[in-house]
Amino acid sequence: MDVGDHAPENRGPASGHVPVMLDRVLAILAPAALAVTGRDPVYLDATLGMGGHAEAMLREVPRLRLIGLDRDTTALERSARRLAPFGDRVTLEHAVYDEIPAVLRRLGVPAVDAVLFDLGVSSPQLDEGERGFAYSYDAPLDMRMDRTQRLTAAEVVNGYPPAELARILREYGEERFAQRIASAIVRERERAPLETTGRLAELVRTSIPAATRRTGGNPAKRTFQALRIEVNGELDIWSRALPAALDALPVGGRIAVLSYHSLEDRLTKRVLAAQAADTTPPDLPVPLPEHEPRFRLLTRGAELPSDEETTTNPRAGSVRLRAAERVREAT
């Protein structure tokens, strides 16, 4: 199970909530905002969550204007309370992060100087059992980040065709026993609808070989990840959101991405690498302007959290950080 903005540690902003890799995110993003002259810099937190990164950025850069997005209305309400001391420097929007272009147009903001994506499910979403994200709680099969949307995990489990269920488990959960689990779900739902996380987790456990259950953590984690990604359209949204965020950055603007599973990180790596590549044809002696890289990578590969952080905050163990800076305008 992956976790975004998120888990508490023993130090950090005044509220006591410290998000993942906070110091490193500040070191990457704050210089881009501090370098802005002639206007107030704009920071886009596209996955606001509990507002920990946002609060730290607002304290670090006194003139900073924050635009915070989240699809979870509960998260927005909590962040609004947390960020209230910053007054009109804060603008919060109920939006999914692939809606960045529309949000910026509506607010009359032509560009943003720093962008953060802290992907995955947040600690509060995991810890509130009734949300249905965690296999450690028995709760309704929900998993909606935005509870105003219709599709739930129960509808996926009980309504999708067997082949589609298997595909989701295989592609989104990287589950090698996808077919076995999907078949077990179909057999079980024919007797009675699957409506709770506890029942689904137990069904997954009994569907896979006994030897496999003894290693790798809870056997349901990959199934729950796959269902959550499907319910919330996470990969499709991410494939649109990342290019949109890059387009919103001016020269000198920076982006940081915290990913919590390999599918998101793989897509992030591919998009950033393509933007940072010199695409000049190899038979030309010098780069042509239109083929020069638009971005430079600020991380060498994916950066990991420190041992200290993962010790005090085990939920940060799966995070991977990638970052880039725009060095050239789009042509």
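Please read these numbers as outputs of a predicted model, since none were measured by experiment. (Residues numbered from 1 in each chain as written. Predicted model: local features only at pLDDT ≥ 70, side-chain atom pairs only at ≥ 80, totals over all residues. Heavy atoms only, no water.)

J.: Help me out: how do you make sense of the overall build of the chain in this one?
T.: Scanning the chain for helices and strands turns up 14 helices and seven strands. Put simply, the chain has 331 residues, and 55% of those count as buried. Considering only intrachain contacts with a sequence separation of at least 6, the fraction spanning at least 24 residues in the chain is 70%. Surface exposure of the chain reaches about 14,300 Å², of which carbon and sulfur atoms provide 52%. (Helix = DSSP H or I, 4+ residues; strand = E, 2+ residues; numbered from the N terminus. Buried < 20%, exposed > 50% of the residue type's maximum accessible area, 1.4 Å probe, protein only. Contact = heavy atoms within 4.5 Å. Areas by Shrake-Rupley, 256 points an atom, 1.4 Å probe, with all protein chains shown as cover.)

J.: Any chance you could explain unusual backbone geometry here in plain terms?
T.: One can expect most non-glycine residues to show negative phi and most peptide bonds to be in trans. Phi angles above zero are rare outside glycine, and Met143 is one such case at about 70°. Inspection of the secondary structure puts Met143 in the loop between α5 (123-127) and α6 (153-159). Look at Met143 and you get buried, because its relative accessible area is 0%. Within the chain, Glu174 stands out as a residue other than glycine whose phi angle is a positive 50°.

J.: What exactly am I supposed to notice about the environment of Ala244 here?
T.: Mapped onto the fold, Ala244 is located in helix α12 (residues 234-247). Sequence spacing of Ala244 and Tyr97 is 147 residues, and the spatial spacing of their C-alpha atoms is 9.2 Å.

J.: Before we go on, may I ask you to explain helix α9 (residues 197-207) in this structure?
T.: Spacing of three or four residues puts side chains on the same side of an α-helix, whose turn is 3.6 residues. Among all positions in α9, only Thr197, Leu200, Ala201, Leu203, Val204 and Ser207 are buried. Viewed end-on, α9 has its buried residues packed into an arc of 160°, placing them on one side of the element. (Arc of directions from axis to C-beta.)

J.: When you look at the nonpolar core in this model, what are you seeing that I'm missing?
T.: Here is a general trend for soluble globular proteins: nonpolar side chains tend to be buried in one another's company. Judged by nonpolar contacts, the single largest core of 34 residues is most densely connected at Leu141, Val156, Val157, Leu165, Ile181, Ile185 and Leu200. Elements represented by at least two residues in this core include exactly α6, α7 (162-173), α8 (178-191), α9 and α11 (221-232). If you tally residues by element for this core, the top one is α8, at six residues. (Core = buried A, V, L, I, M, F, W, Y, C linked by side-chain atoms within 4.5 Å.)

J.: I would appreciate a short explanation of the UniProt feature "binding site: S-adenosyl-L-methionine" (unreviewed entry) in the chain in the present structure.
T.: In the numbering used here, UniProt assigns the "binding site: S-adenosyl-L-methionine" (unreviewed entry) feature to Gly51, Gly52, His53, Asp70, Tyr97, Asp118 and Gln125. With respect to the secondary-structure elements, Gly51 resides in the loop between β1 (42-45) and α2 (52-60). On the basis of relative accessible area, Gly51 is assigned to the buried category, the value being 0%. Within the secondary structure, Asp118 is located in strand β4 (residues 114-118). Of the residues examined, Asp118 reaches a relative accessible area of 2% and is grouped as buried. (UniProt positions renumbered as here; feature names shortened; annotations may be inferred.)

J.: I would appreciate a short explanation of the pattern of salt bridges in the present structure.
T.: Side chains carrying opposite charge are able to pair once their charged atoms draw close together. Overall, the coordinates contain 21 salt bridges when judged by the stated rule. Close ionic contact of Arg63 with Asp40 constitutes a salt bridge, the shortest N to O distance being 3.5 Å. Of this pair, Arg63 sits in the loop between α2 and β2 (65-70) while Asp40 sits in the loop between α1 (22-34) and β1; the two residues are 23 residues apart in sequence, bridging distant segments of the chain. Classification of Arg63 by relative accessible area gives partly exposed; the value is 38%. Here Arg296 makes a salt bridge to Glu325, at a shortest N to O gap of 2.7 Å. Here the residue Arg296 occupies a position in strand β6 (residues 295-297), and Glu325 occupies one in strand β7 (residues 320-326), the gap between them amounting to 29 residues. Overall, the relative accessible area of 39% leaves Arg296 in the partly exposed class. One connected set of salt bridges, linked through shared partners, spans Glu55, Arg59 and Arg82. (Salt bridge = Lys/Arg side-chain N within 4 Å of Asp/Glu carboxyl O.)

J.: Explanation requested: the environment of Leu227 in the structure shown.
T.: Counting through the fold element by element, Leu227 comes out in helix α11. Discounting chain neighbours no more than four positions away, the residues touching Leu227 are Met143, Val156, Val157 and Leu200.

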